[in-house]
2 protein chains.
Amino acid sequence: MQEYSSKLLENAINQIAKLPGIGRKTAVRLALHLLKQSPEEVSLFTESIANMKNNIFFCSKCHNVSDSPSCEICSNPHRVSSQICVVQDIRDVIAIENTQVYKGIYHVLGGVISPMQGIGVADINIESLLGRIEQEDVSEVILALPATTEGDTTAFYISQHIRKRNQNIQISVIARGVAIGNDLENTDEITLTRSIINRVNFESTLK
Amino acid sequence: MQEYSSKLLENAINQIAKLPGIGRKTAVRLALHLLKQSPEEVSLFTESIANMKNNIFFCSKCHNVSDSPSCEICSNPHRVSSQICVVQDIRDVIAIENTQVYKGIYHVLGGVISPMQGIGVADINIESLLGRIEQEDVSEVILALPATTEGDTTAFYISQHIRKRNQNIQISVIARGVAIGNDLENTDEITLTRSIINRVNFESTLK
């Protein structure tokens, strides 16, 4: 016996339930919600997704998403093009842009080295990063990768290969430490250790 | 300043964030997930939703969703057509069908009477239910509406109007009581009161 009285509804539910973090019950709720919307609203929904998938560009330089072959950040003359911030994912670009504190440009790896998941150096955009460092006038590479073993491995690999080719580039890593709002008691030991070793001048934080 | 480097991505995120229970962060996650899928997978996704919206029928008799003008349940000769279970929503049909215990047919109201939300008798499928009772050979109407004031009001309204037209139809309501797995201590008083008043023969529950 079929679980739903409509195959069309069932198909839509199955597709929605494939999305990460969306369970079967939520998928039913979302499908029935869409069914109740006007035809115009539903086509706005489906077309926005189809348009994104079919017409979006990945910037040929930094691999960020863009509406043109070269992204808005790379082609913005007000950005400091000698500073490259290396991130795992497009989501990280969005997060850093939201802080409004970074004025350089980016390089999106599209992942981190993970032997466990079968992701090697060739699967992510490391070669093109090293190419940029050789061809462009880069003064600093900021490694803003996840604070995980995979992130650290990737950062180490990249830093080694940059150093091999160029002795002068500054290689930085974003600060690890006690997150704002957290107390020391509930911060893990490794983070706390790092935050003590990498302590900074107090008055400089007040500026 | 634009929050995202791509207007296409931003549009998709905005549309996804309109779905109930989906916050902005989840919308970003889902949009980027879809962006990573193959074009085929994404068109399967969008087309399943567009197909559902454009081609689904609402059964002319019971208002359940269907792939043809008369739904599979109503047109199934093995279902007991003299028994009508009145529910608020399509989701309730799915829930009751999953129990596999009900062999009658349905009537989907599409809502319950709610003066607070401006939903009156004319806004839901009550008139067509009363029409069915006059035209079809109905022996029992089972009211399976939410255990809320609105659900109870709707049940009362329907029962009054059925009785006015027909003295013989049996009007039932699904049992309220202590949910399976719950203990008495944590069951609210009204539910507990109802479950005591509507107690049933113990041996009959063992069959």
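Here the structure is a predicted model, which is why all the values come from computation and not from measurement.

J.: Can you walk me through the pairing of strand S5 (residues 140-144) of chain A in this structure?
T.: Along any regular strand, the residues point their side chains to alternate faces of the sheet. All names here are of chain A. Here S5 lies mainly inside the structure; five of its five residues are buried. Of the two faces of S5, both are covered, the one formed by Glu-140, Ile-142 and Ala-144 as well as the one formed by Val-141 and Leu-143. Across four bridges, the pairing between S5 and strand S6 (residues 170-173) is parallel. In the sheet register, Ile-142 faces S6, and the bridge partner there is Ser-172. Taken together, S5, helix H6 (residues 149-165) and S6 form a β-α-β motif whose crossover is right-handed.

J.: Explanation requested: the sheet that holds strand S6 (residues 170-173) of chain B in the structure shown.
T.: Strand pairing in a sheet takes place through backbone hydrogen bonds and is either antiparallel or parallel in direction. Residues and elements named next belong to chain B. Strand order in the open sheet made by the four strands is S4-S3-S5-S6, with parallel pairing throughout. In this open sheet, the two edge strands, each paired with only one partner strand, are strand S4 (104-108) and S6. Taking the axes of each pair of neighbouring strands and ignoring which way they run, one obtains an average angle of 25 degrees across the sheet. Across the sheet, helix H4 (residues 90-99) is in contact with strand S3 (80-87) and S4; its angle to S4 comes to roughly 160 degrees.

J.: Could you clarify how one ought to interpret the relation of the copies chain A and chain B in this entry?
T.: For these two chains of identical sequence, chain A goes onto chain B by a turn of 180 degrees and a shift of 0.0 Å along the axis, with RMSD 0.1 Å. The operation mapping one copy onto its partner corresponds to a two-fold rotation axis. No C-alpha of chain A approaches the rotation axis more nearly than that of Thr46(A), which lies at 2.6 Å. Take the interface residues of chain A: 100% of them recur as interface residues in chain B, which is what a same-surface contact looks like.

J.: What's the story with the side chain of Arg79(A) in this structure? I'm lost.
T.: Looking at where Arg79(A) falls in the secondary structure, it is placed in the loop between strand S2 (65-66) and strand S3 (80-87). In this structure, Arg79(A) is in contact with Ile73(A), Glu97(A), Tyr102(A), Lys103(A), Gly104(A), Ile105(A) and Tyr106(A), ignoring residues within four places of it in sequence.

J.: Mind showing me how you'd approach the environment of Phe202(B) here?
T.: Mapped onto the elements of the fold, Phe202(B) is located in helix H8 (residues 202-205). Residues Phe202(B) and Lys7(B), 195 residues apart in the sequence, show an inter-C-alpha distance of 64 Å.

J.: Could you clarify how one ought to interpret the environment of Tyr157(A) in this entry?
T.: Residues and elements named next belong to chain A. Here Tyr-157 is to be found in helix H6. Exposure remark for Tyr-157: the relative accessible area of 25% places this residue in the partly exposed category. The spacing of Tyr-157 and Ser-81 is 76 residues in sequence and 23 Å in space, taken between C-alpha atoms. When residues no more than four places from it in sequence are discounted, the contact partners of Tyr-157 are Ile-113, Val-121 and Ile-126.

J.: How do you make sense of the packing of aromatic side chains when you look at a structure like this?
T.: Pairs of aromatic rings are described using the distance from one ring centre to the other and the angle between the two planes. In the structure shown here, the tally under the stated rule is two aromatic pairs over all chains. Centre to centre, the rings of Tyr102(A) and Tyr106(A) are 5.3 Å apart; their planes meet at 65 degrees, and the pair counts as edge-to-face.

J.: Before we go on, may I ask you to explain the pattern of salt bridges in this structure?
T.: If the charged atoms of two oppositely charged side chains come close together, the side chains can form a pair. Taken as a whole, this structure holds 14 salt bridges over all chains when the rule is applied. Arg165(B) serves as the salt-bridge partner of Glu134(B), at 3.4 Å between the closest nitrogen and oxygen. In this pair, Glu134(B) sits in helix H5 (residues 127-135) while Arg165(B) sits in helix H6 (residues 149-165), placing the two residues 31 residues apart along the sequence. Given a relative accessible area of 53%, Glu134(B) falls into the exposed group. Classification of Arg165(B) by relative accessible area gives partly exposed; the value is 39%. Note that Arg194(B) is salt-bridged to Asp152(B), the shortest N-O span being 4.0 Å. In this pair, Arg194(B) is assigned in helix H7 (residues 189-197) and Asp152(B) in helix H6, connecting sequence segments 42 residues apart. Overlapping salt bridges bring together Lys36(A), Asp89(B) and Arg91(B) as one network.

J.: What am I meant to see in the interface of chain A and chain B here?
T.: For an interface, size is often stated in terms of accessible area lost upon the parts coming together. Contacts between the two partners involve 55 residues from chain A, matched on the other side by 55 residues from chain B. Carbon and sulfur atoms supply 70% of the area that chain A and chain B bury against each other, a total of about 5,100 Å² over both sides. The tally of links from chain A across to chain B stands at two salt bridges. With a shortest N-O distance of 3.4 Å, Asp89(B) and Lys36(A) are connected by a salt bridge. Linking chain A with chain B are 15 residue pairs in polar contact (both at pLDDT 80 or more).

J.: Can you walk me through the sheet that holds strand S4 (residues 104-108) of chain A in this structure?
T.: Residue and element names in this part refer to chain A. Ordered by their spatial adjacency, four strands build an open sheet running S4-S3-S5-S6, and the pairing between neighbours is parallel. Here the strands that pair on one side only, and so sit at the sheet edges, are S4 and S6. Across the sheet, the mean angle separating the axes of adjacent strands is 25 degrees when strand polarity is ignored. For S3 and S4, the ladder comprises five bridges, and the chain directions are parallel. Across the sheet, Val-80 pairs through a bridge with Gly-104, a residue of S4. Lying on the sheet, helix H4 (residues 90-99) is in contact with S3, S4 and S5; it crosses S4 at an angle near 160 degrees. Strands S3, S4 and S5 of the sheet are contacted by helix H5 (residues 127-135), whose axis makes an angle of about 150 degrees with S4.

What counts, and at which threshold
- Residues numbered from 1 in each chain as written.
- Chains lettered and ligands numbered in written order.
- Predicted model: local features only at pLDDT ≥ 70, side-chain atom pairs only at ≥ 80, totals over all residues.
- Heavy atoms only, no water.
- Buried < 20%, exposed > 50% of the residue type's maximum accessible area, 1.4 Å probe, protein only.
- Helix = DSSP H or I, 4+ residues; strand = E, 2+ residues; numbered from the N terminus.
- Pairing = 2+ DSSP bridges.
- Right-handed = clockwise from strand over helix to strand, strands pointing away.
- Axes fitted to C-alpha atoms, helices over the stretch in contact; angles between N-to-C directions.
- Contact = heavy atoms within 4.5 Å.
- Least-squares fit on C-alpha atoms with pLDDT ≥ 70 in both.
- Phe/Tyr/Trp six-rings, centres within 6.5 Å; stacked < 30°, edge-to-face > 60°.
- Salt bridge = Lys/Arg side-chain N within 4 Å of Asp/Glu carboxyl O.
- Buried area = accessible area lost by both parts, 1.4 Å probe.
- Polar contact = N/O pair within 3.5 Å; in protein donor to acceptor, adjacent residues only side chain to side chain.

Functional significance is not addressed by these values, which are geometric in nature.
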